[in-house]
Amino acid sequence: MAKTTDVQTNFTGGEVTPRIRGRSDFKKFANSCEKLINFVPSVHGVINNRSGTKHVAKSAASNRLIEFEFSETQTYIIEFGNLYVRFYSNRAQVTTTASITAGSWSSGTATVTVASHDALVGDKISVSGVTPSGYNVTNAIVTAVTATTVSYAVASDPGSYTSGGTLTFPYQVTSPYSDSDLSELQYTQSADVLFLVHPDYGPRELQRSAATSWAFVEFDFKDGPYDDVNVTSTTLALSGTSGSVTVTASAVTGINGGDGFKSTDVGRRIRFNDGSNWTWLEITAFTSTTVVTATIRGENPSSGSAVDNWRLGSWSDTDGWPWTITFHQNRLWFGGSDANPQNLWGTKDNDFDNFEPTKRDGTVEDTSGLTFQIASNKVNAIRWLQSDEKGLLIGTQGGEWVGRSRTEFDPITPTTFAVKRQGSRGSASNVRVHQIGSSVVFNQRAGKRFYDTSFRFDSDRYSAEDLTLLADHLFAQTTVKDVAYQQEPNTTMWVVTADGNLYSMTYHKDQTVVAWAKHNLGGTNVQVQSVGVISDTPYDLVYVIVKRTIDSSTVYHIEYIEDRFEIDDEICDAYFVDNGITYDSTATTSITGLGHLEGETVAILADGAVHPDKVVSSGSITLNYSASTVHVGLPITSEIKTMPLWPDRLPYEPRGKLNRISEVLVQLHQSVNFSIDTNNGTFETILFRKVNDPMTDNIDLFTGTKRWAAGGMNDYESQIHIKQDKPLPITIVSLVARMQFGDE
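Not measured: the values here are computed from a predicted model.

(A) Broad picture of the overall build of the protein. Within the protein one finds 0 helices and 58 strands. A principal-axis box enclosing the C-alpha atoms of the protein has dimensions of 100 × 85 × 35 Å. Looking at the protein residue by residue over its 744 residues, the buried ones come to 54%. Summarising the internal contacts of the protein: among those between residues at least 6 apart in sequence, 63% fall at separations of at least 24. Accessible surface, the protein as shown: approximately 29900 Å² in total, 45% of it carbon and sulfur. Seen as two clouds, the 60 positive and the 84 negative side-chain charges of the protein have centres 6 Å apart.

(B) Examining the sheet that holds strand 19 (residues 186–190) more closely. What the 4 strands build is an open sheet, ordered 19-20-21-22; its pairing is antiparallel. Whereas interior strands pair on both sides, the edge strands pair on one side only; in this sheet they are strand 19 and strand 22 (213–218). Taken over all neighbouring pairs, the strand axes of this sheet differ in orientation by 20° on average, direction set aside. Relative to strand 21 (residues 201–210), strand 20 (residues 193–198) runs antiparallel, the two being bridged by 5 bridges. By the bridge assignment, His198 is partnered in strand 21 with Tyr201.

(C) Geometry of the side chain of Arg268. Relative to the helices and strands, Arg268 is located in the loop between strand 24 (244–249) and strand 25 (269–273). Residue classification places Arg268 among the buried residues on the basis of a relative accessible area of 1%. Here Asp319 takes part through its side chain, which lies 2.7 Å from a polar atom of the side chain of Arg268.

(D) Quick peek at the pattern of salt bridges. The final tally for this structure, using the stated rule, is 34 salt bridges. The shortest N-O distance in the salt bridge between Asp123 and Arg86 comes to 2.8 Å. In this pair, Asp123 sits in the loop between strand 13 (109–113) and strand 14 (124–128) while Arg86 sits in strand 9 (residues 84–89), placing the two residues 37 residues apart along the sequence. Note on Asp123: relative accessible area 1%, which makes it buried. Notably, a salt bridge pairs Glu282 with Arg269, separated by 3.5 Å at the nearest N-O pair. Placement of Glu282 in strand 26 (residues 278–288) and of Arg269 in strand 25 is noted, with a sequence separation of 13 residues between them. Because the salt bridges share partners, they merge into one network encompassing Asp220, Lys222, Arg269, Glu282, Arg297 and Asp353.

(E) Up close: the nonpolar core. Core analysis: the biggest nonpolar cluster contains 34 residues, and Ile640, Val666, Phe674, Ile676, Ile720, Ile722 and Ile732 have the highest contact counts within it. When contributions to this core are tallied by element, the ones reaching two or more residues are strand 3 (32–37), strand 53 (658–671), strand 54 (674–677) and strand 58 (731–742). If you tally residues by element for this core, the top one is strand 58, at 5 residues. Once you skip the residues sitting within four places of it in the chain, Ile640 turns out to touch Phe11, Cys33, Lys35, Leu36, Phe39, Ile47, Ile720, His721, Ile722 and Ile732. The next biggest cluster of nonpolar side chains, apart from the first, holds 20 residues, and it includes Ile78, Tyr177, Tyr187 and Leu206.

(F) Quick look at the packing of aromatic side chains. Applying the stated rule across the entire model yields 34 aromatic pairs. For the ring pair Phe221 and Trp315, a centre distance of 5.3 Å and an interplane angle of 65° mean the geometry is edge-to-face. Linking Phe221 in the loop between strand 22 and strand 23 (236–238) with Trp315 in the loop between strand 28 (310–312) and strand 29 (324–328), this pair joins segments that are 94 residues apart in sequence. A relative accessible area of 5% means that Phe221 is categorised as buried. Assessed through its relative accessible area of 1%, Trp315 is described here as buried. On the basis of an interplanar angle of 25° and a centroid distance of 6.0 Å, the ring pair of Phe442 and Tyr451 is categorised as stacked. The two residues Phe442 and Tyr451 agree in class, both being buried. Taken together, Phe195, Phe219, Phe221, Trp315, Trp321, Phe327, Phe334, Trp345, Phe352 and Phe355 form an aromatic cluster joined through their ring pairs. Sitting over the face of the ring of Phe221, Arg269 holds its NZ or CZ atom 3.8 Å from the ring centroid. Stacked on the ring of Phe455, the Lys or Arg Lys390 has its end atom at 4.9 Å from the ring centre.

(G) Structural context of the sheet that holds strand 38 (residues 439–443). One open sheet accounts for 4 strands, arranged 37-38-39-40; its pairing is antiparallel. Only two strands of the sheet have a single partner each, and these edge strands are strand 37 (434–436) and strand 40 (461–466). Adjacent strand axes in the sheet meet at a mean angle of 35°, parallel and antiparallel pairs treated alike. As paired elements, strand 39 (residues 450–456) and strand 40 share 6 bridges and run antiparallel to each other. By the bridge assignment, Phe455 is partnered in strand 40 with Tyr462.

(H) Spotlight on the pairing of strand 45 (residues 524–534). As paired elements, strand 45 and strand 46 (residues 541–550) share 8 bridges and run antiparallel to each other. If you follow Thr524 over to strand 46, its bridge partner there is Thr549.

(I) Region of the structure containing the environment of Leu634. Within the fold, Leu634 resides in strand 51 (residues 621–634). Not counting the four nearest positions on each side in its chain, Leu634 is found in contact with Gly522, Gly523, Arg548, Val577, Asp578, Asn579, Leu597, Glu600 and Thr601.

(J) Quick peek at the environment of Ser438. Counting through the fold element by element, Ser438 comes out in the loop between strand 37 and strand 38. Judged by relative accessible area, Ser438 falls into the exposed class, the value being 58%. Once the C-alpha coordinates of Ser438 and Ile255 are considered, the two residues, 183 residues apart in sequence, prove to be 45 Å apart. Here Ser438 is in contact with Asp388 and Ser454, once residues within four sequence places are set aside.

Reading the values: the criteria
- Residues numbered from 1 in each chain as written.
- Predicted model: local features only at pLDDT ≥ 70, side-chain atom pairs only at ≥ 80, totals over all residues.
- Heavy atoms only, no water.
- Helix = DSSP H or I, 4+ residues; strand = E, 2+ residues; numbered from the N terminus.
- Buried < 20%, exposed > 50% of the residue type's maximum accessible area, 1.4 Å probe, protein only.
- Contact = heavy atoms within 4.5 Å.
- Areas by Shrake-Rupley, 256 points an atom, 1.4 Å probe, with all protein chains shown as cover.
- Lys, Arg positive; Asp, Glu negative; His and termini not counted.
- Charge placed at Lys NZ, Arg CZ, Asp CG, Glu CD.
- Pairing = 2+ DSSP bridges.
- Axes fitted to C-alpha atoms, helices over the stretch in contact; angles between N-to-C directions.
- Polar contact = N/O pair within 3.5 Å; in protein donor to acceptor, adjacent residues only side chain to side chain.
- Salt bridge = Lys/Arg side-chain N within 4 Å of Asp/Glu carboxyl O.
- Core = buried A, V, L, I, M, F, W, Y, C linked by side-chain atoms within 4.5 Å.
- Phe/Tyr/Trp six-rings, centres within 6.5 Å; stacked < 30°, edge-to-face > 60°.
- Lys NZ or Arg CZ within 6 Å of the ring centre and 35° of its normal.

This is the structure:
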């Protein structure tokens, strides 16, 4: 049999579709994998097993994560739930306190009384400063609540409450959005304000003044935006020229498609010309199809006499509210609504709540607000807006457009703004787009593909590249639900699908790296619900909401993916368990705070050594020996399976020839433990521990090459299959297979 060697020098192709299994002539074939699970490909070419997730707090079905970044040191993940929001910063839930005024105990349950609180069943709370001290707890799980009481487990009767105490519980703000609304929320941010839009609600601002001081405020849009000026004979008359007035229409023609005023017009704007000057009003009450009450909010008109020169506001509960939002060239832009799916609305320059389309005398200024409708032969409902150096990128149901001044390099004005089609891929609704380098990445209309669109100077237009071309199998039976982008350490896009899968795409356009991987989080019946990323130290932090079955119950938890295991890290700092916790203090055998994993079998790394698995009981485990740094959580299995190995050094075509792998060389960096198989179906563990090393001692991190005598069986296709199922790091640099080929 002919002998040869096949080398996989990098893994920058990631996991690829089985449709190219036979395409060894394909450029990325040699750098790709048939299977890549719980590994994160690096731009450098290596693959690291994904760090585990840290448990933060309970969550609920349908909740959604949204990022908020005021500065490098003030970043938050906001959890939107059913009519509430909660906040996470510095890798913990933001909490607040209330003074305890009473306490009681019965049958293993303590109850404390406060004036008010926002704790929910399943939350973690702390009680401190109570006399007697038996009431005091840290990170206890709430078992019951009323408007003024919180109950939690305390095994022994602490005695009668005497005095004092503070309850610490999650900080929460009431939200206008129900859980069924959350998937349609779109948002943008400026300083301490998060601007939110939804098709069924007027725009809102979520304003922050301190870590525990947030408030929702209705967006007070001034003087617009408006539909076209009335062209019918219908007139409007005002009963007065200041304050609250009655607005009377001479007919219903031209108002809401001939239906006249509606009760859902309350809050709508009206622009009224008194014969020489414009002013504007806000409808405050509905009387009939021809009569409403409104407040004059602009300059007082000189007369309220009937005129046919008027405009109705574009936004209301009647015609719907804007779908999407972004900042571009010192204007706040809104796109699409139920009644105007192709409309763009821009505020005045540097005046983010003012849509004034003209001065009072009708003069259009360069800084005036503007309304623009995309003209196309089909309805192109706007799905997203994104500011870019070359213009305002607009993603619609039918294609991609760019809006900019007709004069290149000049700012946008109402008289120079123009929109030009750039592509026809179309975009999915309610999937956030992300700027990655100089490109904008969006989800295509069917919800199954991602495209990179960027400006090309050779064609003077934007062009789109399919980033899922080689990994379309990942989305074949599902669609995209949520997306977040992690710039550091590895320029990675994280994707959640409708069926609860989590994928990563390492993307570096300049280095032609597009590497997809699947991430199976530890546990039973696991589904990821949402993902968000915020800046942190040293790297961006990925948060997820995860649904699991724990102790026979369906639960939802917020977790974050721990930082990548780095070059100078110690083995005791290796964190490779999911939904876990870390104990780092005086050596002990008792690890508590595991109530969220009750009844689960957990993996353990104790002082850098793998400890036998334990089952969580009463929120704790007992170690076989004392340890001071302990990571406990659900076990993770990382897995890589190469593509079929087709060496190009043979003097003949290798396919169709029986072959086998006789030896594998695995080049590693700072790794401990793995198991390997070729075609036998039986994995063999590669030893890193020396024979005389105590099992309670950690193993030194290994950098170098491990050799394995494969003894593989003859087959027509040979592959290398490696697993890491211990809570230990592994970084694979390259793979070398020594092979033999021959006839049957």
